[in-house]
Amino acid sequence: MPRNHAGFSARYADSWLVDGVRTPFCKMGSDLSALGADAGRIVTAPLHFSGRDWAIVGGVLGTTALVSTLDRSARVAARDARSTSLDPLMDVGREYGREIYGFSLAGGLYVGGLAFGNEGVRTTGRMLFESVALAGLTNMVLKSAFGRSRPQTGEGPYHFRGLQTDLQYTSLPSGHTT
């Protein structure tokens, strides 16, 4: 039996057609397949990097290492700059860096695109969901792999334990900057 790009048999996919139009369920299956394909391409991308790509990776890692030398002074400056007028502004950045907002926006766009038959809005919702989910997953893996101590441990910014699940040792990379 022939298969469509979502991996469903053509007979099964055709059962979701209503008067020759794909139903939301068929579109959701197709989008799920696209999410998996995109995730696979992202995970395997380093296998296909050119020398220039690896140079960019090295530049980013080198810049990160260089900027990390400012950690202590930046922390002291941020602590000293605390005030009743600036604290709420800092809370805004902290709050809107949470995943729930990205997932909510993605879900709203996706469902709205499905409901109103707008392919562009639906696709944008799917792509936003992919971005938030895959960036978050990558971030969690890297945090656990690096095992960098958080400031409150008192161990300093250059203390790494590697392969950690303890939240006290998962500070790099920052989830809010991801």
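Calculation rules
- Residues numbered from 1 in each chain as written.
- Predicted model: local features only at pLDDT ≥ 70, side-chain atom pairs only at ≥ 80, totals over all residues.
- Heavy atoms only, no water.
- Helix = DSSP H or I, 4+ residues; strand = E, 2+ residues; numbered from the N terminus.
- Buried < 20%, exposed > 50% of the residue type's maximum accessible area, 1.4 Å probe, protein only.
- Contact = heavy atoms within 4.5 Å.
- Areas by Shrake-Rupley, 256 points an atom, 1.4 Å probe, with all protein chains shown as cover.
- Salt bridge = Lys/Arg side-chain N within 4 Å of Asp/Glu carboxyl O.
- pLDDT = per-residue confidence, 0-100.
- Patch = residues over 30% accessible without salt bridge, like charges linked within 9 Å, V, L, I, M, F, W, Y side chains within 5 Å.
- Phe/Tyr/Trp six-rings, centres within 6.5 Å; stacked < 30°, edge-to-face > 60°.
- Axes fitted to C-alpha atoms, helices over the stretch in contact; angles between N-to-C directions.
- Parallel < 35°, antiparallel > 145°, perpendicular 65-115°, else oblique.
- Left-handed = near helix turned anticlockwise from the far one by under 90°.
- Nonpolar A, V, L, I, M, F, W, Y, C, P; charged D, E, K, R; others polar.

Peer 1: I'd like to hear about the overall build of the protein, residue by residue, with values.
Peer 2: Tallying secondary structure elements over the protein gives seven helices and two strands in all. Listing every helix and strand of the protein by position from the N terminus yields α-β-β-α-α-α-α-α-α. Sorting the 178 residues of the protein into buried and exposed places 19% on the buried side. Of the contacts made within the protein by residues no fewer than 6 positions apart, 42% connect residues no fewer than 24 positions apart. As presented, the protein carries roughly 12,300 Å² of accessible surface, and 66% of it is formed by carbon and sulfur atoms.

Peer 1: Account for the pattern of salt bridges, with residues named and values stated.
Peer 2: For side chains bearing opposite charge, pairing can occur when the charged atoms are close. A full pass over the atoms with the stated rule returns eight salt bridges. With a closest N to O distance of 2.2 Å, Arg41 and Asp38 form a salt bridge. Of the two residues, Arg41 and Asp38 both sit in helix 2 (residues 24-44), three residues apart, roughly one turn of that helix. Between Glu119 and Arg122 there is a salt bridge whose closest N-O contact spans 2.3 Å. Within this pair, Glu119 and its partner Arg122 are both found in helix 7 (residues 119-146), separated by three residues, close to a single helical turn. What makes Arg122 buried here is its relative accessible area of 6%. By sharing partners, the salt bridges in this structure join Lys27, Asp31, Asp38, Arg41, Glu119, Arg122, Arg126 and Glu130 into a single network.

Peer 1: Got a sec to walk through the confidence of the model for the protein? Specific residues and values, please.
Peer 2: Residues of the protein with pLDDT of at least 70 account for 86%, and the chain-wide mean is 80. Put simply, helix 1 (residues 10-14) is where the protein has its lowest mean pLDDT, 41, and helix 3 (residues 51-68) is where it has its highest, 92.

Peer 1: An account of the environment of Ala34 is requested, with residue identities and associated values reported.
Peer 2: Inspection of the secondary structure assignment puts Ala34 in helix 2. Spatially, the C-alpha atom of Ala34 lies 9.6 Å from that of Met127, the residues being 93 residues apart in sequence. Among all residues touching Ala34, those that are not within four sequence positions of it are Arg126 and Glu130.

Peer 1: How would you explain a nonpolar patch on the surface if you had to name every residue and give the values?
Peer 2: A contiguous nonpolar patch, built from Val92, Tyr96, Ile100 and Tyr101 and spanning about 390 Å² of accessible area, is present on the exposed surface. Among the elements of the structure, helix 5 (87-96) and helix 6 (99-116) are those that each provide at least two residues to the nonpolar patch. As for its position among the elements, Tyr96 is in helix 5.

Peer 1: Any details on the side chain of Glu130? Residues and values, ideally.
Peer 2: Structurally, the position occupied by Glu130 is in helix 7. Dropping the residues within four chain positions of it, Glu130 is found in contact with Ala34, Leu35, Asp38 and Ala135.

Peer 1: Which residues make up the packing of aromatic side chains, and what are the values?
Peer 2: Per the counting criterion, the structure on display carries two aromatic pairs. With a centroid separation of 5.3 Å and 50° between ring planes, the pair formed by Phe103 and Phe129 is classed as tilted. Residue Phe103 is located in helix 6, and its partner Phe129 is located in helix 7; the two are separated by 26 residues in the primary sequence.

Peer 1: Please set out the packing of helix 6 against helix 7 residue by residue, giving values where relevant.
Peer 2: At a closest axis distance of 7 Å, the pairing of helix 6 and helix 7 adopts a crossing angle of 155°. As judged from the angle between their axes, helix 6 and helix 7 are roughly antiparallel. Pair helix 6 / helix 7 crosses with left-handed handedness. In this structure, helix 6 contributes Glu99, Gly102, Phe103, Leu105, Ala106, Leu109, Tyr110, Gly113 and Leu114 to the contact, and helix 7 contributes Val121, Arg122, Thr124, Gly125, Arg126, Leu128, Phe129, Val132 and Ala133. Looking at the contact of helix 6 with helix 7, its residues break down into 11 nonpolar, four polar and three charged.

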